[in-house]
Amino acid sequence: RASISSALLNSDLPIIVGYTTESDIDLLRDLPVEFRKIDEVHSPVKSGQYAAFDQDDFYRIVMNKWELLIQNLSEFDYLIYSDIDVLWIRDAASEITKIFKNLPEKQVVIQSFGDDEVLPNLCMGFVGFRNSSTTLEFLSAAKRAHAEQIVTNPRIGDDDIATEIFRHLKYPDWLHRLSSVYFPVGNTLNLFTTKPVFPGLNSPIPYIFHLNYVVGLENKRLMLRIL
């Protein structure tokens, strides 16, 4: 609810909330968003309970992200996917739109993490997509790969699949890695402080903040309060 409300506060674009089970969205129905059921659920998931990163159910749930994106891509020029542990701090949509309009070769813009500039790890928590055949091919390939690999590796996630595909493609020019300063993941929290260590130098204000790198709902709530 905090994540969706932050997006509503910082953007005037239509927001779609994907779901697999009606009961999972009962407490969100008062929000001015559109709810869309995922047509094809690729792996059984439990409803009504939070699944943490250290549980197998988490990886079965995130498999459905690919179908959600494929299902809705054709309706829009650009589509942004935002995990429900992503907090919007500024109008991130306007920045993603600016990238797509000024860099016509870019088809996917995506968060990244890790300390390797040569072999970065990509993060599917916040991603922008251009409605194109290239994007659709990537999503379809990711959907197939995830369904195949989870059979032997029940804890392979969407980040792993995206990173694997893009590494295989040698990080093509149509992929744009978002700034880790303005589209950060959870392990950068200490970089953002209201107490500057040098007078006149203030921490940057990110567009979003991804509350990952912590496991469990209570830890995510704690990180949210700190942020």
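Residues numbered from 1 in each chain as written. Predicted model: local features only at pLDDT ≥ 70, side-chain atom pairs only at ≥ 80, totals over all residues. Heavy atoms only, no water.

Visitor: Teacher, can you tell me more about the pairing of strand E6 (residues 121–130) here?
Guide: Within a regular beta strand, the side chains point alternately toward one face of the sheet and then the other, so they alternate between its two faces. In terms of burial, E6 is a largely internal element, nine of the ten residues being buried. Pairing analysis gives five bridges linking strand E3 (residues 78–82) to E6, with the strands arranged antiparallel. Among the inter-strand pairings, Ile80 is bridged to a residue of E6, identified as Gly128. Summarising the sheet, strand E5 (residues 108–113) and E6 pair through six bridges and their orientation is antiparallel. (Buried < 20%, exposed > 50% of the residue type's maximum accessible area, 1.4 Å probe, protein only. Helix = DSSP H or I, 4+ residues; strand = E, 2+ residues; numbered from the N terminus. Pairing = 2+ DSSP bridges.)

Visitor: Teacher, can you tell me more about the packing of aromatic side chains here?
Guide: To describe a pair of aromatic rings, you give the distance between the ring centres and the angle between the ring planes. Applying the stated criterion to the full structure yields eleven aromatic pairs. Both rings, one in Phe58 and one in Tyr59, keep their centres 5.0 Å apart while their planes meet at 80°; by these two values the pair is edge-to-face. Take Tyr59: its relative accessible area is 5%, and that puts it in the buried class. Linked through ring pairs, Trp88, Phe126, Tyr182, Phe183 and Tyr207 together constitute an aromatic cluster. The positively charged end of Arg90 is found above the aromatic ring belonging to Tyr207, 4.0 Å away from the centroid. (Phe/Tyr/Trp six-rings, centres within 6.5 Å; stacked < 30°, edge-to-face > 60°. Lys NZ or Arg CZ within 6 Å of the ring centre and 35° of its normal.)

Visitor: Quick question: what am I supposed to make of the environment of Phe183 here?
Guide: With respect to the secondary-structure elements, Phe183 resides in the loop between strand E7 (175–177) and strand E8 (208–210). For the pair Phe183 and Leu119, spaced 64 residues apart in sequence, the C-alpha separation works out to 19 Å. Not counting chain neighbours up to four residues away, the residues in contact with Phe183 comprise Ala92, Glu95, Ile96, Gln111, Phe126, Leu178, Tyr207 and Ile208. (Contact = heavy atoms within 4.5 Å.)

Visitor: What should I look at first to understand the sheet that holds E5 in this one?
Guide: As a general point, the strands of a sheet are linked pairwise by backbone hydrogen bonds and lie either parallel or antiparallel. Across the sheet, four strands lie side by side as E3-E6-E5-E7; this open sheet has mixed pairing. Looking at the sheet topology across the chains shown, the edges are occupied by E3 and E7. Looking at each pair of strands side by side, their axes are set apart by 30° on average, direction ignored. Contacting E5 and E6, helix H5 (residues 133–149) runs over the sheet at an angle of about 140° to E6. (Axes fitted to C-alpha atoms, helices over the stretch in contact; angles between N-to-C directions.)

Visitor: Where do I start with the side chain of Asn72 in this structure?
Guide: Among the structural elements, Asn72 can be located in helix H3 (residues 64–73). The exposure class of Asn72 is buried, given its relative accessible area of 3%.

Visitor: Is there a simple way to explain the nonpolar core in this structure?
Guide: The tendency in soluble globular proteins is for nonpolar side chains to be buried side by side. Membership of the largest hydrophobic core comes to 28 residues, with the highest contact counts inside it found for Trp66, Val108, Met124, Phe129, Phe138 and Phe166. Those elements that place two or more of their residues in this core are H3, E3, E5, E6, H5 and helix H6 (158–168). Not counting the four nearest positions on each side in its chain, Met124 is found in contact with Lys65, Trp66, Leu69, Tyr81, Asp83, Ile110, Phe129, Asp158, Asp159 and Ala162. (Core = buried A, V, L, I, M, F, W, Y, C linked by side-chain atoms within 4.5 Å.)

Visitor: So what exactly am I meant to see when it comes to the packing of H5 against H6 here?
Guide: When two helices pack together, their arrangement is given by the angle between the helix axes and by the axis-to-axis distance. It is at 10 Å that the axes of H5 and H6 come closest, and there the two elements cross at 120°. As summarised for this structure, H5 and H6 are arranged oblique, according to the angle between their axes. Note that H5 runs across H6; the crossing there is right-handed. In contact with Phe138, Ala141, Ala142, Ala145, His146 and Gln149 of H5, H6 contributes Asp158, Ile161, Ala162, Glu164, Ile165 and Phe166. (Parallel < 35°, antiparallel > 145°, perpendicular 65-115°, else oblique. Left-handed = near helix turned anticlockwise from the far one by under 90°.)

Visitor: Please clarify how H6 should be interpreted in this entry.
Guide: Every α-helix winds through 3.6 residues per turn, so residues three or four apart in the chain are directed the same way. Listed in full, the buried residues belonging to H6 are Asp158, Ile161, Ala162, Thr163, Ile165 and Phe166. Considering only its buried residues, H6 is in contact with helix H2 (56–62), H3, E5, E6, H5 and E7.

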